[in-house]
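Below are the chains, spelled out letter by letter.
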Amino acid sequence: MRFDVITLFPELFEPFLRAGVTRRAYESRQVDVRLWPLRDYAEDNYRRVDDRPYGGGPGMVMLVEPLERAMTAVRADRAQAEPVVIHFSPTGRHLDQSLVRELATGPGAILLCGRYEGIDQRFLDRHVTMEVSLGDFVLSGGELPALALMDAVTRLQEGVLNDAASHEQDSFSDGLLDCPHYSRPEVLETPAGVQAVPPVLLSGHHADIARWRRERSLALTQQRRPELIEAARRDGKLSRKDEAFLASLSGTDKTAKGRSGA
Ligand code: 9D3
């Protein structure tokens, strides 16, 4: 799989490509990331890549011509006839795990990172197949969204997670939020008091532990993201036991976190 990233800030990508569980996939070119510095495709003496918007107003617009030259170079370097071209934009479709899974099975994409107020619409009209947003908040450009997408897709590639089961236990893999996790020490002494690990996790009863984790996931999802419970129900992902547990929560949040609104 291959990602071609057109960006004014290629240096932002390097540290992410060298860290964590995804590193090996990038280094082995199992996921081949190629960076295309847009400024290299500016042709005038000032290496101009942006200019003022027609119609006036604040900010700058990314110029068609350098983008066009960069895109021509990328397409010439990619065998594929019609690669997916993703433009990261606050007006795009919100990135979610179903899009990530879809991209993870494909040949990759061309990723277009905007800066300033945005990109000349005429370039977008001719090249972009998909607009993707990271959510309803304002960033200064598309580079972090591009890194987020590549990270999410790359960790789904064969051999990236040591443990195949990590995939299945992921938040969202079955549409529910993840349960809490604990490690040593068994009892944590703090100035605010003593915090013990939930005893069931020390019991060695694997069925009980699995049930406890499932119930923590269900309760947390019901509390924070009730629409995900509805979706899991529609998708037939809730067992009779799950439904009985949810019914026992009886619509009131009895947890300390629920009462505090945390
Ligand atoms: C202050 C400028 N905004 C006017 C309301 C428009 C605007 C233009 C460019 C807002 C943000 C950006 C830069 N953002 C991205 O390129 C971006 C983004 C984001 O800001 N939030 C969530 N997802 C994304 S994907 C790309």
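Residues numbered from 1 in each chain as written. Predicted model: local features only at pLDDT ≥ 70, side-chain atom pairs only at ≥ 80, totals over all residues. Heavy atoms only, no water.

An unreviewed UniProt entry lists the protein under the name tRNA (guanine-N(1)-)-methyltransferase, with Roseateles depolymerans as the source organism. The record held by UniProt for the protein lists under Catalytic activity (unreviewed entry) the comment "guanosine(37) in tRNA + S-adenosyl-L-methionine = N(1)-methylguanosine(37) in tRNA + S-adenosyl-L-homocysteine + H(+)". Taken verbatim from the UniProt record of the protein, the Function (unreviewed entry) comment is "Specifically methylates guanosine-37 in various tRNAs." (UniProt positions renumbered as here; feature names shortened; annotations may be inferred.)

Draft legend 1. Expanded view of the UniProt feature "binding site: S-adenosyl-L-methionine" (unreviewed entry) in the protein. According to UniProt, the positions carrying the feature "binding site: S-adenosyl-L-methionine" (unreviewed entry) are G114, L134, G135, D136, F137, V138 and L139. Relative to the assigned elements, L134 resides in the loop between strand 8 (130-133) and helix 6 (143-154). Here L139 shows up in the loop between strand 8 and helix 6. Apart from residues no more than four positions distant in its own chain, L139 is found in contact with L134, L144 and P145. (Helix = DSSP H or I, 4+ residues; strand = E, 2+ residues; numbered from the N terminus. Contact = heavy atoms within 4.5 Å.)

Draft legend 2. Quick look at the site of the ligand. If you check the shell around the ligand, you find 16 residues, and the closest are S133, L134, G135, F137 and L139. Note that a nitrogen atom of the ligand is positioned 2.7 Å from one of the backbone N or O atoms of F137. Listing elements by their share of the shell around the ligand, those giving two or more residues are strand 5 (85-94) and strand 8. The element best represented in the shell around the ligand is strand 5, accounting for three residues. (Near = heavy atom within 4 Å. Polar contact = N/O pair within 3.5 Å; in protein donor to acceptor, adjacent residues only side chain to side chain.)

Draft legend 3. Representation of the sheet that holds strand 5 in the model. The parallel open sheet is built from five strands, whose spatial order is 2-1-6-5-8. Bordering the open sheet on either side are strand 2 (32-37) and strand 8, each of which pairs with just one other strand. Ignoring strand direction, the axes of neighbouring strands in this sheet form an average angle of 35°. The sheet contacts of helix 3 (residues 64-77) involve strand 1 (2-7), strand 2, strand 5 and strand 6 (108-113), and relative to strand 1 the element is tilted by about 165°. (Pairing = 2+ DSSP bridges. Axes fitted to C-alpha atoms, helices over the stretch in contact; angles between N-to-C directions.)

Draft legend 4. View of the sheet that holds strand 3 (residues 50-51). The strand order across the open sheet formed by three strands is 3-4-7, and the pairing between neighbours is mixed. The outermost strands of the open sheet, each flanked by one partner alone, are strand 3 and strand 7 (118-119). Bridge count for strand 4 (residues 61-62) against strand 7 is two bridges, and the pairing is parallel. Of the residues in strand 7, the one forming a bridge with V61 is G118.

Draft legend 5. Representation of the domain arrangement of the protein within the structure. The domains assigned to the protein are domain 1 (2-164) and domain 2 (187-257). The centre of domain 1, based on its C-alpha atoms, is set 38 Å off from the matching centre of domain 2. (Domains from an automatic or database assignment.)

Draft legend 6. Representation of the side chain of D50. Here D50 shows up in strand 3. Despite its burial, D50 pairs with no opposite charge, the nearest such side chain being R48 at 4.6 Å. For D50, the residues in contact, after removing those within four places along its chain, are M60, V61, M62, L63 and Y116. (Buried < 20%, exposed > 50% of the residue type's maximum accessible area, 1.4 Å probe, protein only. Lys, Arg positive; Asp, Glu negative; His and termini not counted. Salt bridge = Lys/Arg side-chain N within 4 Å of Asp/Glu carboxyl O.)

Draft legend 7. Spotlight on the pattern of salt bridges. Counted by the stated rule, this structure contains 20 salt bridges. Linking R23 and E27 is a salt bridge whose minimum nitrogen-to-oxygen distance equals 3.0 Å. Of this pair, R23 and E27 both sit in helix 2 (residues 23-27), four residues apart, roughly one helical turn. Classification of E27 by relative accessible area gives partly exposed; the value is 47%. R34 is the salt-bridge partner of D32, the closest N and O atoms lying 2.9 Å from each other.

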